Amino acid sequence: MKAGFLFSLLLSILAHLSEAQYHYQGLMNYLESRMLAMEERIALWHEQNNRYSADLKKFKQQASDLLEKLGKDHSKLRLDLEGAGVRVDRVEREMDYIETKNPPKPCIKAADKMVEQKAVVKEKKKKEEFFELSVCMDIVSSIRAMKILKRVGSPKGMWTKDARTAKVYIFNGTSEDTLYEFNSVKELSASSGMSKGRQIILPSAWNGTGHAVYDGFLYYVSERSELQVVKFDLKNGSMTDSAVLPVEAQTPVYSLNPDTLVDLIADEEGLWALYPAGNTINLAKMDSDTLDIEQMWDTSCPTNNAEAAFIVCGTVYVVYNTRPSSRSRVQCVFDVADMVTSEEAPLLYFPRRYGAHSSLKYNPMERQVYAWDDGYQILYRLALKKKLWAIAPLPEE
């Protein structure tokens, strides 16, 4: 009995041991297969990593070669641009030379000096010369010369000179109530800043850069809301009259000078006003005594890309530019007498300067334009010629 029991127990134990060994062998086989799979994946990762490293090195080499080529191309392009700039400067100098060669005879009987002109004495003979100006039949043919006087004040402003005196007036900025009066251009040129100028306090601040000085009076726009024109006696220092311009649009007359809603201009014929009408510029002839509007015209000159304008003998010259600023040029001409043909309308290019004009004011006694450009006070001397219709023979009957 005992021997049989022990034998049965031994068989049971051997059976359990055999079963445990079977499970152990299965586990070992499973672990071994997983290890083999992991080894295969690690080998694949190493292979991919080596391949990626080789591709990265190749890409880095290609990028380095490309950057080196781009650097050489950039240097070559810079040299080409510098050469082009030199050629453009040479072409501009040649254009300026061609434009200023053999200037036509001007109609104004005044001393031909660039900076300083003698004041006009109000004698009978001089009044006759002004009468000749009032019936002037000239048109601008070219810009004869440019003189940079100095730099004083803000990037935007205006300076001008009354045609019948030697006094010069500085309007610094686009909204101030104090202007500066100098006895002459030479005094302004010799002055350190505006220290030698006489301060003139206005009853209200001006807006923009569209002011005009005419026959001892200042005309400026005071209120943006109603476009009020103020007439100010520069000698007595008092306001003599004011009027509201019948202009509906509160938009700038020149898109590149958004502070100027109306540009008041004085020339041989008297006082004018340029103002916007939709997308074009309109012209009004004003009575300098009463500020009444005498006549109005649609110039058809666009306000877009316009920076300033000036008037000579009743002909409007609108100057255009780009943003950012490039070389200013006259692209639209309008003659109130309808005596300027499209063939003779000048396409004038101003010499390269600093930025863009914030104002251009023509002086008929000097045939010069007083320009304000990025704080610089500049003089442009103009060459004039007779309008074609003015010299054309009358048809025979």
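Refer to the structure printed above.
It should be emphasised that the depicted structure is a prediction, and the values quoted were computed from it without experimental measurement.

Scoring rules and cut-offs
Residues numbered from 1 in each chain as written. Predicted model: local features only at pLDDT ≥ 70, side-chain atom pairs only at ≥ 80, totals over all residues. Heavy atoms only, no water. Helix = DSSP H or I, 4+ residues; strand = E, 2+ residues; numbered from the N terminus. Buried < 20%, exposed > 50% of the residue type's maximum accessible area, 1.4 Å probe, protein only. Contact = heavy atoms within 4.5 Å. Areas by Shrake-Rupley, 256 points an atom, 1.4 Å probe, with all protein chains shown as cover. Disulfide = S-S within 2.5 Å. Salt bridge = Lys/Arg side-chain N within 4 Å of Asp/Glu carboxyl O. Pairing = 2+ DSSP bridges. Axes fitted to C-alpha atoms, helices over the stretch in contact; angles between N-to-C directions.

**Q** In this structure, what is going on with the overall build of the protein chain? I would like to understand it.
**A** Counting its regular elements, the protein chain contains 4 helices and 19 strands. A burial count over the protein chain gives 41% of its 397 residues as buried. The long-range fraction of contacts in the protein chain, counting pairs at least 24 apart against all pairs at least 6 apart in sequence, stands at 55%. By element, 56% of the accessible surface of the protein chain is carried by carbon and sulfur atoms, the whole surface being about 22,300 Å².

**Q** Please explain the state of the cysteines as it appears in this structure.
**A** By definition, a disulfide is the covalent link that joins the sulfur atoms of two cysteine residues. In the structure shown here, the tally under the stated rule is 1 disulfide. A sulfur-sulfur distance of 2.0 Å marks the disulfide that ties cysteine 301 to cysteine 332. Negative torsions about the S-S bond denote left-handed disulfides, and the value of about -80° found for cysteine 301 with cysteine 332 makes this one left-handed. A residue pair is termed long-range when its members are at least 10 positions apart, and cysteine 301 in strand E13 (residues 293-302) and cysteine 332 in strand E16 (residues 329-335) qualify at 31 residues. Among the residues examined, cysteine 301 registers a relative accessible area of 0% and is labelled buried. In this structure cysteine 332 comes out as buried when scored by relative accessible area, which is 14%.

**Q** Sorry, what's going on with the pattern of salt bridges here?
**A** Working definition: two side chains of opposite charge can pair if their charged atoms are close together. Overall, the coordinates contain 12 salt bridges when judged by the stated rule. Among the salt bridges present, the one from lysine 76 reaches aspartate 80, with a minimum N-O distance of 3.3 Å. Linking lysine 76 with aspartate 80, this pair stays in helix H1 (residues 2-100), spanning 4 residues, or about one helical turn. The salt bridge involving aspartate 289 is made with lysine 231; its shortest N-O contact spans 4.0 Å. Linking aspartate 289 in the loop between strand E12 (280-286) and E13 with lysine 231 in strand E8 (residues 228-233), this pair joins segments that are 58 residues apart in sequence. A residue is classified by how much of its surface remains accessible, and aspartate 289, at 54% relative accessible area, is exposed.

**Q** What's the story with the sheet that holds strand E17 (residues 357-363) in this structure? I'm lost.
**A** Backbone hydrogen bonds hold the strands of a sheet together, and the pairing may be parallel or antiparallel. Here we have 4 strands laid out as an open sheet, ordered E1-E19-E18-E17, and antiparallel in their pairing. The open sheet has two edge strands, strand E1 (138-151) and E17, and neither has a second partner. Mean inter-strand twist for the sheet, computed between neighbouring axes without regard to direction, equals 20°. The pairing of E1 with strand E19 (residues 376-386) spans 11 bridges and is antiparallel. Paired with serine 142 across the strands is alanine 383, a residue of E19.

**Q** Just checking my understanding: could you explain the environment of arginine 381 for this structure?
**A** Inspection of the secondary structure puts arginine 381 in strand E19. Along the primary structure arginine 381 and lysine 147 are separated by 234 residues, whereas in three dimensions their C-alpha atoms are 8.4 Å apart.

**Q** Got a minute to help me understand the sheet that holds strand E5 (residues 198-201) in this structure?
**A** The antiparallel open sheet is built from 4 strands, whose spatial order is E2-E3-E4-E5. Both outer strands of the open sheet, strand E2 (157-161) and E5, are each paired with one neighbouring strand and no more. Ignoring strand direction, the axes of neighbouring strands in this sheet form an average angle of 25°. Two elements, strand E4 (residues 178-182) and E5, share 4 bridges in a ladder whose sense is antiparallel. Counterpart to threonine 178 in the pairing with E5 is isoleucine 201.

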